[in-house]
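Survey of secondary and tertiary structure
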Amino acid sequence: TNTGNQSAATNTGNYSAAEVSGKGSVAIATGIDSRVKGGIGCAIVCVERGKWDGNTYPILSVLSSIVDGKELLPDTWYTVKGGKWVEC
């Protein structure tokens, strides 16, 4: 979690979360079943991963968007499923 303006919160662990609330900030989560949350005007980035292939959990999709209060709501957790944002 990060609350400063123009800050970043990143997390790479499985089932992890990244949250930002400062103006112009970015939340990034790249682990399995991770989630992101941001305030209005913040950017969120999340990776969707597939099942273990013996080597890694392959990347299926990556989404990035700006929380606008319409398509993506502020202070709401999101993850990526089937290449689309899903509230969680």
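Residues numbered from 1 in each chain as written. Predicted model: local features only at pLDDT ≥ 70, side-chain atom pairs only at ≥ 80, totals over all residues. Heavy atoms only, no water.

Where strand β7 (residues 78-81) lies against strand β8 (residues 84-87), four bridges are found, and the strand directions are antiparallel. Within β8, the residue paired with Tyr 78 across the bridge is Glu 87. (Pairing = 2+ DSSP bridges. Helix = DSSP H or I, 4+ residues; strand = E, 2+ residues; numbered from the N terminus.)

Further remarks concern the nonpolar core. Judged by nonpolar contacts, the single largest core of 14 residues is most densely connected at Ala 18, Val 20, Ala 27, Val 36, Ile 44 and Tyr 78. Of all the elements in the fold, those that place two or more residues in this core are β2 (17-20), β3 (26-29), β5 (43-49) and β7. (Core = buried A, V, L, I, M, F, W, Y, C linked by side-chain atoms within 4.5 Å. Buried < 20%, exposed > 50% of the residue type's maximum accessible area, 1.4 Å probe, protein only.)

Taken together, the four strands give an open sheet; going across it, the order is β1-β3-β5-β6, and neighbouring strands pair in mixed fashion. In the strand order of this sheet, the two ends are held by β1 (8-11) and β6 (59-66), each with one partner. Along the sheet, successive strands turn relative to each other by an average axial angle of 10 degrees, direction set aside. In terms of strand pairing, β5 meets β6 through seven bridges, oriented antiparallel. Its bridge partner lying in β6, Glu 48 is registered against Ser 61. (Axes fitted to C-alpha atoms, helices over the stretch in contact; angles between N-to-C directions.)

What follows deals with the packing of aromatic side chains. All told, the structure shown has two aromatic pairs when counted by the stated rule. Between Tyr 78 and Trp 85, the ring centres sit 6.1 Å apart and the planes meet at 70 degrees, which makes this aromatic pair edge-to-face. The class for Tyr 78 is buried, based on a relative accessible area of 4%. Stacked on the ring of Trp 77, the Lys or Arg Arg 35 has its end atom at 4.3 Å from the ring centre. (Phe/Tyr/Trp six-rings, centres within 6.5 Å; stacked < 30°, edge-to-face > 60°. Lys NZ or Arg CZ within 6 Å of the ring centre and 35° of its normal.)

The next thing to look at is the environment of Arg 49. Mapping Arg 49 onto the fold places it in strand β5. Linking Arg 49 and Ser 25, residues 24 residues apart in sequence, is a C-alpha distance of 24 Å. Here Arg 49 is in contact with Thr 30, Gly 31, Ile 32, Tyr 57, Pro 58, Ile 59 and Leu 60, once residues within four sequence places are set aside. At 2.7 Å, the side chain of Arg 49 and the backbone oxygen of Thr 30 are in polar contact. (Contact = heavy atoms within 4.5 Å. Polar contact = N/O pair within 3.5 Å; in protein donor to acceptor, adjacent residues only side chain to side chain.)

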